[in-house]
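One letter stands for each residue in the lines below.
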Amino acid sequence: MSKEYEYFPVIKILGHLFDYYYQTDDPHLKTQLSEEISLLGFILDPASSAANQNN
């Protein structure tokens, strides 16, 4: 199985999180979703993630 297929479930979840992020007006929920999106971005590509750039 190729790497793309291994990450498909994570990418699918990431898409749902982006949908929720852009549909809500709740600032607390936006902050929480932003943190979760960043974490998934780090899982998918640690080298280019903003979380990794702070180190």
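Residues numbered from 1 in each chain as written. Predicted model: local features only at pLDDT ≥ 70, side-chain atom pairs only at ≥ 80, totals over all residues. Heavy atoms only, no water.

Chemist: Please clarify how helix α2 (residues 27-44) should be interpreted in this entry.
Modeler: Along an α-helix, residues three or four apart share an orientation, since each turn contains 3.6 residues. In this model α2 runs 26 Å from its N-terminal to its C-terminal C-alpha over 18 residues, within 8% of the 26 Å that 1.5 Å per residue would give. Among all positions of α2, only Leu33, Ile37 and Leu40 are buried. Seen end-on, α2 carries its buried residues on one side only, within an arc spanning 65°. In α2, the exposed residues that point more than 90 degrees away from the buried face are Pro27, His28, Glu35 and Leu39. Near the N-terminus of α2, the side chain that reaches the backbone nitrogen of histidine 28, with its oxygen 3.0 Å away, is that of aspartate 26. (Helix = DSSP H or I, 4+ residues; strand = E, 2+ residues; numbered from the N terminus. Expected span 1.5 Å × (residues − 1). Buried < 20%, exposed > 50% of the residue type's maximum accessible area, 1.4 Å probe, protein only. Arc of directions from axis to C-beta. Polar contact = N/O pair within 3.5 Å; in protein donor to acceptor, adjacent residues only side chain to side chain.)

Chemist: Whenever I open this one, the packing of aromatic side chains confuses me. Can you help?
Modeler: Given two aromatic rings, their pairing is described by the distance between the two centres and the angle made by the two planes. Applying the stated criterion across every chain yields a total of two aromatic pairs. Taken together, a centroid distance of 6.4 Å and an interplanar angle of 10° make the contact between phenylalanine 18 and tyrosine 22 stacked. On the criterion of helical spacing, the pair formed by phenylalanine 18 and tyrosine 22 is a turn pair, its members being four residues apart in helix α1 (residues 3-23). Measuring from ring centre to ring centre gives 5.1 Å for tyrosine 21 and tyrosine 22, while their planes differ by 85°; the resulting arrangement is edge-to-face. The class of tyrosine 22 is exposed, set by a relative accessible area of 61%. Aromatic ring contacts, followed pair by pair, group Phe18, Tyr21 and Tyr22 into a single cluster. (Phe/Tyr/Trp six-rings, centres within 6.5 Å; stacked < 30°, edge-to-face > 60°.)

Chemist: Help me understand the environment of threonine 31 in this model?
Modeler: Within the secondary structure, threonine 31 is located in helix α2. Overall, threonine 31 belongs to the partly exposed group, its relative accessible area being 43%. Through-space distance from the C-alpha of threonine 31 to that of tyrosine 21 is 8.8 Å; in sequence the pair is 10 residues apart.

Chemist: Can you walk me through the environment of leucine 33 in this structure?
Modeler: For leucine 33, the location among the structural elements is in helix α2. A C-alpha to C-alpha distance of 6.2 Å links leucine 33 and tyrosine 21, two positions 12 residues apart in sequence. Those residues in contact with leucine 33 that sit more than four places away from it in its chain are Leu17, Tyr20, Tyr21 and Thr24. (Contact = heavy atoms within 4.5 Å.)

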